[in-house]
Structures are given as C-alpha cells and as structure tokens.
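# Observations on chain architecture
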There are 2 protein chains.
Amino acid sequence: MTVFTQTAPHELYLHHQKTLQAAIEALRAREFYAQYPEIPSGKVYGEDSNEKQHAVFTAQLNHPFQGLLQTSDTQITGAENSPFTREALGVSYPASKNIESYIQQAHAAWGAWKYADTETRAGILVESLERIKQRFFEIAFATQHTTGQSFMMSFQASGPHANDRALEAIAMGLEEQTRYPKQAHWEKPMGKFNVVLKKHYQCQPKGISLTIGCSTFPVWNTVPGLYASLITGNPVIVKPHPAAIYPIAIVIAELQHILKDNGFDPNLVQLAVDTPENQITKLLCEHPSVKMIDFTGGNAFGNYVESLPGKITFTEKAGINSVILDSCTDLNGTLQNLAFSVSLYSGQMCTCPQNFYLPENGILVNGERVSYEDVVKGFMKAIEDLTHHEKMGPGTLGAIQNETTYQRVATVAQSGVKVLLPSKSIPHPEFPNARTATPLVLEVPLANREMIEQELFGPIVLIIPTKDTQQSVALASELSSIHGALTCAAYSTDPATQAYIARNLAESFTPVTFNLTGPIWVNQSAGFSDFHVSGGNPAGNASFTNPEFVIKRFVLIGTRIA
Amino acid sequence: MTVFTQTAPHELYLHHQKTLQAAIEALRAREFYAQYPEIPSGKVYGEDSNEKQHAVFTAQLNHPFQGLLQTSDTQITGAENSPFTREALGVSYPASKNIESYIQQAHAAWGAWKYADTETRAGILVESLERIKQRFFEIAFATQHTTGQSFMMSFQASGPHANDRALEAIAMGLEEQTRYPKQAHWEKPMGKFNVVLKKHYQCQPKGISLTIGCSTFPVWNTVPGLYASLITGNPVIVKPHPAAIYPIAIVIAELQHILKDNGFDPNLVQLAVDTPENQITKLLCEHPSVKMIDFTGGNAFGNYVESLPGKITFTEKAGINSVILDSCTDLNGTLQNLAFSVSLYSGQMCTCPQNFYLPENGILVNGERVSYEDVVKGFMKAIEDLTHHEKMGPGTLGAIQNETTYQRVATVAQSGVKVLLPSKSIPHPEFPNARTATPLVLEVPLANREMIEQELFGPIVLIIPTKDTQQSVALASELSSIHGALTCAAYSTDPATQAYIARNLAESFTPVTFNLTGPIWVNQSAGFSDFHVSGGNPAGNASFTNPEFVIKRFVLIGTRIA
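Along each chain, the written sequence defines residue order, and numbers are assigned to residues from 1. To label them, take the chains in the order written and letter them from A, then take the ligands in the order written and number them from 1. With the structure being a predicted model, the display of local features is reserved for residues of pLDDT at least 70 and the display and counting of side-chain atom pairs for 80 or more, all residues being used for whole-chain, interface and lining totals.

### Examining the overall build of chain A
How we decide: Helical segments are the DSSP runs of H or I of at least four residues, strand segments are the runs of E of at least two, and each set is numbered from the N terminus. Radius of gyration means the value over C-alpha atoms here, while the globule rule gives 2.2 Å times the residue count to the 0.38 power. Think of it this way: build a C-beta for each residue from its backbone, and any pair within 7 Å is a contact.
Secondary structure assignment for chain A yields 20 helices and 20 strands. The C-alpha atoms of chain A give 25 Å as radius of gyration, which agrees with the globular expectation for 562 residues (24 Å, within 12%). The dimensions of chain A, computed from C-alpha atoms along their principal axes, are 80 × 70 × 45 Å. When contacts within chain A are restricted to residue pairs at least 6 apart in sequence, long-range pairs at least 24 apart make up 75% of them.

Here it is, written out as structure tokens:
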C-alpha cells in the first residue's frame, strides 16, 4: 500500500540525468564546473546567432513582448531605457490589473507541480535552460540596454553564468529532496515481539514564492531563487525591476512554454510588471498567500522584506566591500587587478570593492617597503591606463545604469573630501550617447567615519590610510558587521597574516580572496564553487547556493502506517 | 599554506567515532535506532542505580544544587513544586544577578570552541551523553517531581529518549558540517592557460544561542537545540522554566564538567534560572548578542519569539491535534490505543490528540457499520478501563503539572458543553497528595467553532460529530493551518482514503499516523526516524531534527587564495 504515489521518471529527467548528476557532483566537490561556455562563440552557440538575435531584439523594441503564455488582462510598459542609447525600449508586457489575479493564477497552477516528483521537475527545468541557451544573444542585448553592462558582460552574466547558477539551484534542490529515503521499514524490538511501522517521507512545497529583481543583474540575481522555488514545487511570481524587464521576460517565456509543453500550467511562473509610478511590490510581499520572498536590491527595501512577519526571506542587499593591502610579490599585477575590479561595470557590481585600507607607512613588496604614496600613484595609473585604453576602457566600464548613480559620483566628488582621481566620461565607440563614468578615487582619513561607513554605489573608491594592517583588518571586519559586505580582497605574502585576516573577516561572515593578480577578480563568484553572499552579515540573509537556500522552501513530512 | 588550521582528531572523537557513524547512518536510513535503552533496567544502568540515585535526589532537595561550574554571583531558587507530593523542591541554583554577565561569560568562553573542529566538538558532546547516562535515575526523579510525569515516563523521556534526540542533533550537525570538502583545487580553463585558485571552506558559528525550556519536558525539548548549537560551535544559555530546573541542571552540570576536563571554558553552557516574579527571558531574547533562540512553550510567547527582528528562531508551540475515524479492522484495539493516547501524562504532551472527528453515521469496522453512539460508548469504556485500572491508571496518567491546567479541566466541564465523560481524580498508591485528573470527554457540535478552535491543554478531549470523513479531513486540515498541529491519528482501511487524508493533512504540513492499535501511540516521536513538529504550520517553525535545524546555526564561508 502506498500513500503517496510515485510516477515513472519523466522523459526529460532521463534525457538530462547526466547533466544533473554532473552538477550534483560539482556541488559536492566544489571544483570548477560550467555547463554553459562563457564565450559567445559562434561555434558553440550557432554561427549567425549574434546577427539573428540582434535582429529579433531590434524588432522587439517598441512592440508588445512576444512569447509569454500567462493569463493577463492588460499590458504594462515598464521604465526600460538604454544607458547606451538613452532611448526608451518601449516594450510592453502582459500583466494583471489586480495583484489578486497573480495570486489566484499561481494557486490554480500549483496542484500538479506540487505533487510532481522532484525528478520530473528537475528534467523540465534543465530543459528550460537548454531553451534559454538558444536565446543567450537576445538576452545579452536586452541586458546590455537595460543594465548598462557591456555586451560581453551582459552575455556572460545573464547567459551562461546565470544558467549555471540556475542549474546549481536545480541540482541543490534535487540533492536535498532526494537525500533521505522516501520510505523506511521501522521495526522496534519490544522484548518478546517487534512493533512494525511503515514510514513515508515527502517534501511538501511551502507555497507561493515571490522573486523581486534588481536593475543591474536582472537575470543572474533572479534565477537562483526562481529555480530553487520551482525545483521544490512552488509557484513563482517574478516582480522585475521596472527598468530591467526584458531579459528576465525571455527566461519566463521559455519556462512557460516548456511547462505547457509538458502538461503543466504556464501560470506556475508569472511575470508581474509594474512601473515606478504604480508599484506593486509591497502589495505582493504582504499578501498572506505569499510565503517566500527572494529579494535583490537596496538595504532599505531589503530590511523591510526581512522584517515581514511569517515570511521566509532570501535577501541580497548591499554592503561595503573592502581591500586590505599588507604585502605582495607583484605590485603591478596587484594594482592592475584591483583597477579592473573597481572599473568593471563602473563599480555597479554588488561584489565590487569600495574601501581600500592601506597602511600609511606603505606595504612590503618582495620584502622591500613601497611607500603609501607610491602605491596610491601606481593604483591611479593602473585605473587610468585601463579606463582610457581605447579598446579596454569602454568594454570594461560599460555604462551607468541610472541617473541617480551617475549623479552620486558628482555629488561625492564635491563633498570636500580629497579627490585623488576625478571621474570622467569616456566616449563609447558604438554609442555616442552612452552614460559613462570612470572611477572617482578619494582619500578619506579615518576620522571621517561618516563617509567610510557609507555604501557609495557606483564607480567610487575610497583610499583609507591606516596605522597598520591590524587596523585595516579591524575596520574591514567592523564595517562588515555593521553594514554588511560580500567580498574582501586581501593581499599578504605572510601565512600568519593571511590566517589573521581570514579569521577576523570570518567573524563578520565575510569571505576573503587573497592575492589575485591574473585574469580573475574578486567581483566574480563561480557557480558550484563559491557561495555568493555569506548570509551572515547585513549584506543579505541568503547564499547562492548553500543547502539552506533550497531546504527552507519545503517541509519534510513523515507519514506512519501500522 | 593553510589559512585555517586543522587540529588532530580529538581522542574523544576517536573513542566515540563508531557511535557517531552509527547515528549518522541511522539518520540517513530513518530506520529504528536507539543508542540508549529505554527500560530502566538494572542490568543496563547498574543494579543499585535506582536506590543510589534516589538517595542523591532526596539529599539534593532543600539544598543548593551541586555540580555546576559556571561563574555566578548569586543563588536563585526557582518555583519547583512536586505535582506528586505538592511540596516545594527547595533547590537553589548558581546564577548571575545581571543578564549581561551571562552574555559576557558566553562571549569569553566562545573562542576556543568556535575554532575547534567539528569532530572534536562531536567527541566531547557524545562523551557528555555517556556521563549523563550515569545519572538517568536522578534525572528521572527530578523530572517526575517537577513535571508530574510518572517515574517510567520521566526516565524514558528525560533519559534515553532525550539522549537519543541529543545524539541525533550531534550527528546531524557533524553530517551537515562535514558534507562539503574543507578544501578544493579550482582550475578554470582560459584557453591557452588555466587560472588556479585554492579554496577553503569553513562553517562559521553564528553566535550566542538561547534555549528556553518548558515545564512539561524540561530535558527532551531542551537538548535538541542545546546540542545543535554546541555541535555547530556556538555558546548556549539555557533558560529553564522556573518550575522545571533540576532535570536540565544535571545535564548542564555534566556538560560543564566534560568541557572543563577537555580544556574548554564551562561557561560555554550556562544555566540562567529565574523566578515567576522576576523573569529574565525577554531580556535575554532581546539582547543584541543573542543570535539564535530555541523555544518550547505556549503560542503567545512563541509568536513573540518568532517576531523578534534579526533573530534565528526555532520554535515548538502548541496546536490542535486531531483524530480522524473512518474505518478500521479492530475497533477495540483502535479505541484502547486512542484511550491510552489521551490518558498518557494526562494529555500534557504536545503531541496528544484533542479533536476527534467522528462521522455521525458511524464508521465501518471490517465492512460492517458501527454507529456513532457505539463508537463513543466504546471509547468512554476504554478510557475508564485504563484510567481506573489500579496498576495501569496512575502510571499512565501521572500528575497534573500545574494548577492552571488542573483548573482548566473544571472550567471547561462547566462551560455548558455536553459532557460525555467527567474528569475524576484518582488516588496515587505512592503519593496521596498527587494532583491527578482523568480525561474529560465532551461532545461538541460543529456549530461551536469557538470551542473546536481552542487548544485545551491537559486531559480534555472533544468528540466532534461530522457529516462524513471528507468533512473530518477538511476540518482537521483547516484547523492545522490556522492553529497548528503536531500530529493527526487517522484510521482507515481504504488506501484511497488514506492517500486522501495524508495529502490533505500535508497541505497544512501535518504528519499523519495511520491505524495504530498495538503498544505504540501517535504521541510518540522516534529519534532518528520521525521529524518532531513539521515546522510548516503555526505549531512551530522548527523540526527535530531536519537538516535546517542545524544548518541555520552556522554560515558557510569560502576563502580563495591565488
């Protein structure tokens, strides 16, 4: 007798079983793994994909979005404007006038998915990634012209890297839901006889999940929560940032199609677009039927989300990331690496360093002391060389997503703090109207705690002279505890100092990356290997993708039968 | 080069490695497993243990508690009174006048434990269970004369069953902290060359943990959170219920000794006693240094705990447990089993059934319809036969822990609802002053929603006539969703009906137990096999012991080194 029926493995599960197994093995080993190649190579993604999908992108502009299958009673045009052309995208999306409709449609769609076995869900979800892969170029153009990321970064972040993070969430969900046996024979010796019970275990999905997107990484930051909720059997409502809808609309459209093709209700994943003038996020957050909320964005709204009673929340907010300079072997390599880190996407990555702690008596380079002034000078030169390089500059900086970030740079520059390097606009070879800004570098004395303790989102870097490395570490850890941090880049050649730094930053739940010089940067977080956001400090309460990220989305229930 | 040092395995880990491995295997298989035999046999626990430890217990009464090693500046006598003798225990405990002292002592004690490896912690913690085992009889007498449980139940619940639950938490903590490799070699192909990073992973403990005990299960409900926080490297402050301190004080004393013996600070686990007149629980809960709270108790305080901003909480509150009667093969066995369930410890178990849903046209017994009236009559007889049985009665019922529970029975009996079976006091052969009460059984029509929706803690049972099983199921699930539930005992011989019941109760995250007739009851939850409290409905947000119960107590942090 079975209380919960077990269906035969779905054909798409069998089709993708090897991929899923490889992904689970990668999660377990934490070694390098990537399912989707990060270079937009024609050989991998189709020789004419770039051109064809650019044509699709161009045709989509100023037209209603094609492909979503969700129930809708209106069309909404968000606030999408290209940071490169400064023109509105003019795309409208199917929507519901009343948020209650999203809730009702999610409830109505839930049933079959809730009771589908995890393997069936996993197969369908991996297939959705394969379909999304066919649209990586369109997603890249859509990302570029909403976020201001360069084309290359748009392709990588919203394409293969996002797909890898989604696959990671699927794999983690499959792993966590299949770790325990579905049945057990329980036989308790009672002396002269045994008591026997059959036990069944199931993972019961928690309910409607809301995923709130941000304007800078509309796909990469959305898909982990979206796929984590889906693999654990929950319906999802995606509320994108009104300025970055198109990229994630493509993902949702592909999900809706694959769901429909396999007999499930496409309303399991709904896009819920709003406008800056008529926001629906709080209405959705506070709806009693919304049980889980994934959020990426600023601290004020993130703290609001975390404070909502009775909701399970997964947040990635902001923090003050630090650089600790103690000693190194290759000063040029160090400064070039850091210059790239602060220039990449003009400091608009949540992982970008902001506060540089540099001992006022300089640092040791191969045992020789290099003065504070020379390190600063070298760093300024490295930034200038990179950002003013005709080819490297524009491709690294991209454009500034919004006017607020752009204005912040000017405001901070005029705040009376010593400017070491002014921010400049650089011409973009392809887009003359691009909103660009090179990093503004300031020198801030320790006494100016107010400035040091601010998150200054955008291309703004603070050089903070310290007494010594010990003081650098104390400050970095203290600020991580108070304001949160996602990353710390540290440079030290001394193992004892490395251990000291890592241990002290761990006290504020901040991961440290040591001694990067080559073509890899502290901003980057690798799927299957790096936990993105620790979840332990105010920068966020969740982590891509630790087991907690999936197991909070279902309840383990045991049934006993005599 | 290693950033985080790895110590050699601790000798106690090596000593207990087999036990830990067996416990982890049991967790994985969910089959029967018990490390500590549940019968107070002299052969297992020492021939004269009962007498010797009874003498220790008697000598302890009216004296300061012996054995705690914690820093203290005062002595506090709680509000411990025996429900059997109605006399005060008169035991005082070392305490701190200011709660800030507990916090400071916890912080000061933390360091070495925080950075001890998980295996070291596991070995020491299992050793503590072995030492506690040597005091099972004293713990049983202390439990009996604070909670009102019979001696046998006191022995089992606070002794072997609690130790098994503690071992389960240790094993789950060890499993979850050692699942991922501590190091990984990460090598990313970049075309012409590879980028190489070494990665280290550690589990960083979250901080001071507060465990709030209850008056009915002062050990069983306290040790899972206590040991889960310890195995994950956190210091713990245990705030027992003022009426049930002595049993858990023994556990804490043994922990403090084993910690000290192994070079750790005994203040890692502190007992924080208060009195009903001068309660410190909220002060501790709201202290910014308290990061995690384990709570067992009533809904009002539990909801307060869950609402505290920025705290990670693990709650077990109350609910309305149900019985669904549809059909069975052995009516006598069924009714005797249920009579025992409602009589055991006089309905003071959080898992005890309260609302019995019985179709007004009766139930099928081996295909023959037995009328509603006959089922009710049989149930009343089964309760009377059990509770008035000279030997079985007192040992099953135990005593009523407090006057409030005792008075509730009288108040409810006089509320105008039809009494099917009045509650009586029965004489206890050993303790003439014992506060006893047999179950009060009421018949409550569906129209009386107010009564049906109340949790009536203590020996109070409601028989609720329903139209049919479908209505029984709908009510049981609805009330679980609104008020929470820990258990549902269902009787049905039809597989389709079983599936219907299990699925509908799973919607409100309530585990169902089917068709119990023998010497095993729905109230019981087995370590290593049953998840106690699902964590999905208002009866509590945590579960003994699912992975979530331990992984929320630490943060996974990765360190990367070029």
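### Some words on the sheet that holds strand β13 (residues 363–365) of chain A
All names here are of chain A. Inclusion rule: Strand pairing requires that DSSP identify at least two bridges connecting the strands.
In spatial order, the strands read β11-β13-β14; together these 3 strands make up an open sheet with mixed pairing. Each edge of the sheet is formed by a strand with only one pairing partner; in this case those strands are β11 (327–328) and β14 (368–370). One ladder, built from 2 bridges, connects β11 with β13; its direction is parallel. For Ser-327, the partnering residue across the bridge sits in β13 and is Leu-364.

### Remarks on the relation of the copies chain B and chain A
Copy one and copy two of the chain differ by a rotation about a common axis and a shift along it. Stated formally: When the copies are overlaid, the least-squares fit takes in C-alpha atoms only where the residue has pLDDT of at least 70 in both copies.
When chain B is fitted onto chain A, the two copies agree to an RMSD of 0.0 Å after a turn of 180° and an axial shift of 0.0 Å. Here the two chains are linked by the operation of a two-fold rotation axis. Across chain B, the smallest distance between a C-alpha and the rotation axis is recorded for B:Glu548, namely 3.3 Å. Looking at chain B, 100% of its interface residues are interface residues in chain A too, so the copies touch through the same face.

### Quick look at the environment of A:Lys391
Structurally, the position occupied by A:Lys391 is in the loop between α14 (372–387) and α15 (392–397). Sequence spacing of A:Lys391 and A:His428 is 37 residues, and the spatial spacing of their C-alpha atoms is 9.7 Å.

### A few points about the environment of B:Val290
Residues and elements named next belong to chain B. Here Val-290 is to be found in strand β8 (residues 290–296). Distance in space between the C-alpha atoms of Val-290 and Leu-210 is 6.7 Å, their sequence separation being 80 residues. When residues no more than four places from it in sequence are discounted, the contact partners of Val-290 are Ile-208, Leu-210, Leu-284, Cys-285 and Lys-311.

### Focus on helix α1 (residues 11–29) of chain A
All names here are of chain A. Worth spelling out the cut-off: To estimate the expected span of a helix, count its residues, drop one, and scale the result by 1.5 Å. Two axes enter the definition of the bend at a residue: one is fitted to the seven residues ending there, the other to the seven starting there, and the bend is the angle between them. Counting other C-beta atoms within 10 Å of each residue's C-beta, where C-beta atoms are placed from the backbone, gives the exposure class: buried for 20 or more, exposed for 12 or fewer, partly exposed between.
For α1, which comprises 19 residues, the first-to-last C-alpha distance of 28 Å matches the rise-based estimate of 27 Å (1.5 Å per residue) to within 8%. Remark: the principal bend of α1, roughly 55°, maps to Gln-17. Taken together, the buried positions of α1 are occupied by Leu-12, Tyr-13, His-16, Leu-20, Ala-23, Ala-26 and Leu-27. Where α1 is buried, its residues contact α5 (118–133) and α8 (160–178). Immediately beyond the C-terminal end of α1, within one or two residues, lies Arg-30, with a positive phi of roughly 65°.

### Re the pairing of strand β17 (residues 460–466) of chain B
Residue and element names in this part refer to chain B. Burial analysis of β17 places 6 of its 7 residues in the buried class, the great majority of the element. Taken together, the 5 bridges between strand β12 (residues 355–359) and β17 define a ladder with parallel strand orientation. Note on β17: the bridge partner recorded for Tyr-357 is Ile-464. Here strand β16 (residues 440–443) runs beside β17; their pairing, made up of 4 bridges, is parallel. When the sheet's bridge partners are listed, Glu-443 is paired in β17 with Ile-463.

### A few points about the interface of chain B and chain A
Quick note on the threshold: Ten residues, namely Ala, Val, Leu, Ile, Met, Phe, Trp, Tyr, Cys and Pro, are considered nonpolar, four, namely Asp, Glu, Lys and Arg, are considered charged, and the remaining ones, Gly among them, are considered polar.
Listed as interface residues are 59 residues of chain B and, on the opposing side, 59 residues of chain A. Those elements that provide at least two residues to the side of chain B that touches chain A are β3 (183–189), β4 (194–205), α19 (495–507), β19 (512–514), α20 (547–551) and β20 (554–561) of chain B. Sorting elements by how many residues they give to the side of chain B that touches chain A places β20(B) first, with 7 residues. In terms of residue class, the side of chain B that touches chain A is built from 32 nonpolar, 17 polar and 10 charged. Both strand β20 (residues 554–561) of chain A and β19(B) contribute to a ladder of 2 bridges, which runs parallel.

Everything listed here is a matter of geometry and, on its own, says nothing about what the molecule does.
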